[in-house]
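In case you want the letters, here they are:
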Amino acid sequence: MHFTGFTKQTVLFLQELKKNNTKEWFEANRPSYQTHIVDPALAFIEAMIPVAEKLDPPHKGVAKLNGSFRRLNRDVRFSKDKTPYNPRIHMIFWTGGHPNRSAGIHLVMGPDGFGYGAGHWAFDGDALERYRAAVLDATKRRALEIALEKAKAVGCDIGEPPLKNVPRGHDKEVAGAKWLRYKGIVARAMSEKSGHDPRLFTSACTTYCTELMQAMAPLNNWVSNEVEAG
């Protein structure tokens, strides 16, 4: 399928799913789901894979469900929200061996807007220690700040740090202390706040998303080199 942009029907389906988030409604509208969600999402991913592969670092993409296209089904086992579906198209291109365990670029078509972001949500174990060592190094910290400035230029925000204080054993007055209050680094523009850029619905969609991905890739470059390479 040749990709020439998403359609307004894609957004309308997501809006209707948000209002009618039940298995019965979804099954009754499964043909529309295939036509307006699955087909354009996979065509978009296929069109963007060559772009992703040329980024620094190269990003992987797989044009299939549970590849670069994340399923709409929600895991409700441990959630108070028992609605069965995420009313969004969540697409990911990643740098390492697994889309959920390495730095990646996320593109999200939602009912209210188009969101995007890059980075790694939470570092574990040795990776977290490498991250903390990197942000205390003046040169590496400045490289991170430059990468974040590039992402900010296309609307991404890193948000407030999740930790109120620096981790135990660290000096709260040391240069770069604020970065110690993060457990991962993600810069993103939330779909709920951004609206839908009109280019998403034209043949300019891939050019627009290429610009976004190129602006966010330096953050993943930093994460890959300074945190995940170890």
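For the structure itself, look to the data block above.
Residues numbered from 1 in each chain as written. Predicted model: local features only at pLDDT ≥ 70, side-chain atom pairs only at ≥ 80, totals over all residues. Heavy atoms only, no water.

**Here's the deal with the overall build of the protein chain**
Across its full length, the protein chain carries seven helices and five strands. Mapped from its N terminus to its C terminus, the protein chain presents α and β elements in the order α-α-α-β-β-β-β-α-α-β-α-α. Counting only C-alpha atoms and orienting by the principal axes, one finds that the protein chain spans roughly 60 × 40 × 30 Å. The 230 residues of the protein chain split such that 46% are buried. A fraction of 68% describes how many contacts in the protein chain between residues 6 or more apart in sequence connect residues 24 or more apart. Summing over all exposed atoms, the protein chain offers an accessible surface of approximately 12100 Å²; the carbon and sulfur share of this is 50%. Across the protein chain, the centroid of the 32 positively charged side chains sits 4 Å from that of the 25 negatively charged ones. (Helix = DSSP H or I, 4+ residues; strand = E, 2+ residues; numbered from the N terminus. Buried < 20%, exposed > 50% of the residue type's maximum accessible area, 1.4 Å probe, protein only. Contact = heavy atoms within 4.5 Å. Areas by Shrake-Rupley, 256 points an atom, 1.4 Å probe, with all protein chains shown as cover. Lys, Arg positive; Asp, Glu negative; His and termini not counted. Charge placed at Lys NZ, Arg CZ, Asp CG, Glu CD.)

**Comments concerning the pattern of salt bridges**
Across all of its chains, the model carries 10 salt bridges by this definition. A salt bridge links Arg199 to Asp197; its shortest N-O distance comes to 2.9 Å. Judged by its relative accessible area of 35%, Arg199 is partly exposed. Linked through salt bridges whose partners overlap, the residues forming this network are Arg142, Glu145 and Glu149. (Salt bridge = Lys/Arg side-chain N within 4 Å of Asp/Glu carboxyl O.)

**A word on the packing of aromatic side chains**
Summed over all chains, the structure comprises 12 aromatic pairs. Relative to Tyr33, the ring of Phe13 has its centre 6.2 Å away and its plane inclined at 35 degrees; by these criteria the two rings are tilted. Here Phe13 is found in helix H1 (residues 8–19), whereas its partner Tyr33 is found in helix H3 (residues 30–53), with 20 residues between them in sequence. Of the two residues, Phe13 and Tyr33, neither departs from the other in class, the shared state being buried. Ring plane angle 45 degrees and centroid distance 6.2 Å describe the contact between Phe114 and Tyr116, whose orientation is recorded as tilted. (Phe/Tyr/Trp six-rings, centres within 6.5 Å; stacked < 30°, edge-to-face > 60°.)

**Remarks on unusual backbone geometry**
Note: most peptide bonds trans; most residues except glycine with negative phi. Cis geometry marks the peptide bond from Asp56 to Pro57; its omega dihedral reads 5 degrees. Inspection of the secondary structure puts Pro57 in the loop between H3 and strand S1 (69–70). Positioned with a positive phi, Asn66 is a non-glycine residue whose angle comes to about 65 degrees. Within the secondary structure, Asn66 sits in the loop between H3 and S1.

**A look at the nonpolar core**
A general trend in soluble globular proteins is that nonpolar side chains are found buried together. Among the nonpolar cores identified, the biggest contains 65 residues, and Phe44, Leu107 and Tyr131 are the most heavily contacted of them. Those residues within four positions of Tyr131 in sequence are excluded, and the remaining contacts are Phe123, Trp179, Tyr182, Ile185, Trp222 and Val227. (Core = buried A, V, L, I, M, F, W, Y, C linked by side-chain atoms within 4.5 Å.)

**Quick word on the layout of surface pockets**
As a volume, the largest pocket reaches approximately 890 Å³. Taken together, 35 residues form the lining of the largest pocket, with His90, His106, Trp121, Val186 and Arg188 sitting closest to its centre. Classifying every residue of the lining of the largest pocket by side-chain character gives 14 nonpolar, 11 polar and 10 charged. Computed from the structure, the second largest pocket encloses a volume of approximately 370 Å³. In terms of lining, the second largest pocket is formed by 17 residues, of which the most central are Trp121, Ile158, Gly159, Val186 and Arg188. At the level of secondary structure, the elements contributing two or more residues to the lining of the second largest pocket comprise strand S5 (185–189) and helix H6 (191–194). (1 Å grid on protein atoms, 1.4 Å probe; cavity = no way out; pocket = protein on both sides within 12 Å on 5 of 7 lines; lining within 4 Å. Points joined across faces, edges and corners; volume = space filled by probe spheres on them. Nonpolar A, V, L, I, M, F, W, Y, C, P; charged D, E, K, R; others polar.)

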